[in-house]
Amino acid sequence: MKEKFNSIVLNQTIMDSMPGLAYIFDKDKKLVAWNKRGEEILGYSNEELHAGKNPEFAQESDREKLRAAFIETLVKGSGSLEFTIVTKSGKKIPVLTRARACEIEGEVYLIGLAIDISDLVSAREKINEQMKEISRLNELLKAENIYLKDQFESTSIPNEIIG
């Protein structure tokens, strides 16, 4: 009994040391374990999460791809996905999650970690805006080059007169 207790304490300690939301779901998509950081991120208390009915943590537009990734991870053994978590307060947090399927005492579980990628998403958006601006400026430069070429050709002295 003491060995099993020590194992549970060790596992929870490991999960609580994770930087993001560490989680364990059963094959029926029920959240069965999580770390303290997960409670902080999601805004739900330990009691609320233990109550049995899991809230939808993903924004509605991501739910189908999340369901598909869950099944694929169970089948293939591992998987990853970017999606947006919706907290209890309604805050949206983009995350990258990586999970593995494993069997514990004859039951299949999905164990993973979700990391906040807000800074990455923001950087991607800035890069996309900058790429659009570069394309716009490139088109203006092409137009200006055509204009200058036409101006040059219309005002140049023909070669046969010079030489």
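Please refer to the structure placed before this passage.
None of the values given here were measured: they were computed from a predicted structure. (Residues numbered from 1 in each chain as written. Predicted model: local features only at pLDDT ≥ 70, side-chain atom pairs only at ≥ 80, totals over all residues. Heavy atoms only, no water.)

### Here we look at the sheet that holds strand 3 (residues 78–86)
Here is step 1 of the chain: Taken in spatial order, the 5 strands make up an open sheet running 2-1-5-4-3, and their pairing is antiparallel. Edge positions in the open sheet fall to strand 2 (31–34) and strand 3, since each of these has one partner strand only. Direction aside, neighbouring strands of the sheet carry axes that sit 30° apart on average.
Here is step 2 of the chain: As paired elements, strand 1 (residues 21–26) and strand 5 (residues 107–116) share 6 bridges and run antiparallel to each other. (Pairing = 2+ DSSP bridges. Helix = DSSP H or I, 4+ residues; strand = E, 2+ residues; numbered from the N terminus. Axes fitted to C-alpha atoms, helices over the stretch in contact; angles between N-to-C directions.)

### Regarding the pairing of strand 5
Here is step 1 of the chain: Both strand 4 (residues 92–104) and strand 5 contribute to a ladder of 10 bridges, which runs antiparallel. Looking at strand 5, one finds that Val95 is bridged to Asp116.
Here is step 2 of the chain: Linking two consecutive strands that pair antiparallel, namely strand 4 and strand 5, is a turn of 2 residues; a positive phi of about 50° is found at Glu105 within it.

### Let's talk about the layout of surface pockets
Here is step 1 of the chain: Within this model, the largest pocket holds a volume of roughly 760 Å³.
Here is step 2 of the chain: Taken together, 27 residues line the largest pocket, and the ones lying closest to its centre are Asn11, Gln12, Met15, Ile24 and Ala33.
Here is step 3 of the chain: For the lining of the largest pocket, the secondary structure elements donating two or more residues are helix 1 (2–16), strand 1, strand 2, helix 2 (36–42), helix 3 (46–50) and strand 5.
Here is step 4 of the chain: Here the element with the most residues in the lining of the largest pocket is helix 1; it accounts for 8 residues.
Here is step 5 of the chain: Its residues assigned to classes, the lining of the largest pocket comprises 14 nonpolar, 7 polar and 6 charged.
Here is step 6 of the chain: Within this model, the second largest pocket holds a volume of roughly 600 Å³.
Here is step 7 of the chain: Looking at the second largest pocket, it is lined by 31 residues, and the ones nearest its centre are Phe25, Phe57, Leu66, Phe70 and Phe83.
Here is step 8 of the chain: Sorting elements by how many residues they give to the lining of the second largest pocket places helix 4 (residues 63–76) first, with 7 residues. (1 Å grid on protein atoms, 1.4 Å probe; cavity = no way out; pocket = protein on both sides within 12 Å on 5 of 7 lines; lining within 4 Å. Points joined across faces, edges and corners; volume = space filled by probe spheres on them. Nonpolar A, V, L, I, M, F, W, Y, C, P; charged D, E, K, R; others polar.)

### Regarding the packing of aromatic side chains
Here is step 1 of the chain: Taken as a whole and judged by the stated rule, the model has 3 aromatic pairs.
Here is step 2 of the chain: The interplanar angle of 75° and the centroid separation of 5.9 Å between the aromatic rings of Tyr44 and Phe57 together place this pair among those described as edge-to-face. Of this pair, Tyr44 sits in the loop between helix 2 and helix 3 while Phe57 is found in the loop between helix 3 and helix 4, placing the two residues 13 residues apart along the sequence.
Here is step 3 of the chain: Residue classification places Phe57 among the buried residues on the basis of a relative accessible area of 12%. (Phe/Tyr/Trp six-rings, centres within 6.5 Å; stacked < 30°, edge-to-face > 60°. Buried < 20%, exposed > 50% of the residue type's maximum accessible area, 1.4 Å probe, protein only.)

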